[in-house]
Amino acid sequence: METIREVLKNSKTLQGPFPEFHSEQVSDTPQELFLIWYQMALEYGVPEPHAMTLSTVDEAGFPDARILILKDIDQSGWYFSSSSMSEKGKQLANNPHVAITFYWSAIGRQIRIRGQASIMGKELSARDFLNRGKVARALALIGKQSSVLKDHQELDEALVDKLLEIEQNPNTVNPNWTLYRVEAKEVEFWQANEERKHIRLKYYKDREKWLKQLLWC
Ligand SMILES: Cc1cc2nc3c(=O)[nH]c(=O)nc-3n(C[C@H](O)[C@H](O)[C@H](O)COP(=O)(O)O)c2cc1C
């Protein structure tokens, strides 16, 4: 029988074929290139391309990471939403420095963003909240994300009550629900190559201007 070490060794990665990436003909800003890559991810049927890993650090400087959904992107940054009372919310209040990572295996692409998160206004956060599905809103209104759960019954009972409340007041908003924007200081685009000559292009900010450099793979 194969050992787990052998199973891992025999697991395939970065097999391709992959789309081409002409790193010399790219957009002036990483946001523009992100949108071009995102479009390609959709065309290639990458599952959930808007799922991203958000990394934060806690008070002791210990890193933490979890998957979130990308809510928007514009020239000022990448947006996500969550409860400000969750672990990540507390970590962000203490230290807004974050990293965001996307990996789209079907096209062999990774995008790494490092920057600073800031809180968007109440109105934008409320709009994001009201756009969520009923159960997601009910759970957010219960407001216990990342607290200890006694058993599944505790969740089911709280959910029934909250769903009823939402039926009666469909515009109720959890004041802790927060839309965050990550303003990037650097963004790296990584394109896999079947012969392992991967392409890495990094955008970095120099006094409000985006500059670019290639990196060794
Ligand atoms: C595909 C996927 C999408 C998710 N999207 C969100 C999201 O947009 N916001 C959110 O708060 N949690 C989302 N989660 C749950 C988080 O990964 C995490 O479990 C939760 O936010 C608690 O994290 P924390 O304890 O670090 O605060 C998502 C999980 C997955 C797997």
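Here, every reference points to the structure presented above.
As the structure is a prediction and not an experimental result, all values here were calculated from the model.

Visitor: I would appreciate a short explanation of the nonpolar core in the present structure.
Guide: One recurring pattern in soluble globular proteins is that nonpolar side chains are buried together. Grouped together as the largest cluster of nonpolar side chains are 32 residues, with contacts concentrated most on Phe34, Trp78, Phe102, Trp104, Ile111 and Ile113. Breaking this core down by element, the ones donating at least two residues are helix H2 (30-43), strand E1 (51-57), strand E4 (77-83), strand E5 (97-104), strand E6 (109-119), strand E7 (177-191) and strand E8 (199-206). Not counting chain neighbours up to four residues away, the residues in contact with isoleucine 113 comprise Trp78, Val98, Ala99, Ile100, Phe102, Val182, Ala184, Glu186 and Val187. The next biggest cluster of nonpolar side chains, apart from the first, holds 7 residues, and it includes Phe129, Ala138, Ile166 and Trp177.

Visitor: Looking at this model, I keep getting lost on the pairing of E4. Mind explaining?
Guide: Strand residues, when the strand is regular, have side chains that alternate between the two faces of the sheet. E4 sits mainly inside the fold: 7 of its 7 residues count as buried. Of the pairings in the sheet, the one linking strand E3 (residues 72-74) to E4 comprises 3 bridges and is antiparallel in character. Bridging across to E4, aspartate 74 finds its partner in glycine 77. Counted along the chain from E3 to the antiparallel partner E4, the turn is 2 residues long.

Visitor: I would appreciate a short explanation of the packing of aromatic side chains in the present structure.
Guide: Geometry of an aromatic ring pair is reported as the spacing of the ring centres plus the angle between the planes. For the coordinates displayed, the defined rule picks out 12 aromatic pairs. Relative to tryptophan 37, the ring of phenylalanine 21 lies with its centre 5.0 Å away and its plane at 85 degrees, an arrangement referred to as edge-to-face. Taken together, the residues phenylalanine 21 in the loop between helix H1 (4-10) and H2 and tryptophan 37 in helix H2 connect sequence positions 16 residues apart. This pair shows no difference in class: phenylalanine 21 is buried, exactly as tryptophan 37 is. Taking 6.4 Å as the distance between ring centres and 80 degrees as the angle between the ring planes, the aromatic pair formed by tyrosine 203 and tryptophan 210 counts as edge-to-face. We note that tyrosine 203, like tryptophan 210, is buried. Each member of the aromatic cluster is reached from another via a ring pair, and the members are Phe21, Trp37, Phe189, Tyr203 and Trp210. We note arginine 109 situated over the ring of tryptophan 37; from NZ or CZ to the ring centre the distance is 3.9 Å.

Definitions and limits used
- Every chain is numbered on its own, with residues counted from 1 as its sequence reads.
- For this predicted model, a pLDDT threshold of at least 70 governs which residues receive local features, and a threshold of 80 or more governs which side-chain atom pairs are given and counted, while totals over whole chains, interfaces and linings are taken from all residues.
- Each side-chain value is derived from all of the structure's non-hydrogen atoms; neither hydrogens nor water enter the calculation.
- Nonpolar core, defined: a set of buried Ala, Val, Leu, Ile, Met, Phe, Trp, Tyr and Cys residues in which side-chain atoms within 4.5 Å join the residues together.
- Working definition: with a 1.4 Å probe on protein chains only, accessible area under 20% of the residue-type maximum means buried, over 50% means exposed, and in between means partly exposed.
- Going along the chain from the N terminus, every DSSP run of H or I of four or more residues is numbered as a helix, and every run of E of two or more is numbered as a strand.
- Should any heavy atoms of two residues lie within 4.5 Å, those residues are considered in contact.
- Two strands are counted as paired when DSSP detects at least two bridges linking them.
- A pair of aromatic rings is counted whenever rings of Phe, Tyr or Trp (Trp by its six-membered ring) have centres within 6.5 Å, and the orientation is called stacked for planes under 30 degrees apart, edge-to-face for over 60 and tilted otherwise.
- As a reminder, the over-ring test applies to NZ of lysine and CZ of arginine, requiring each to be within 6 Å of the ring centre and within 35 degrees of the ring normal.

Purely geometric numbers; function is a separate question.
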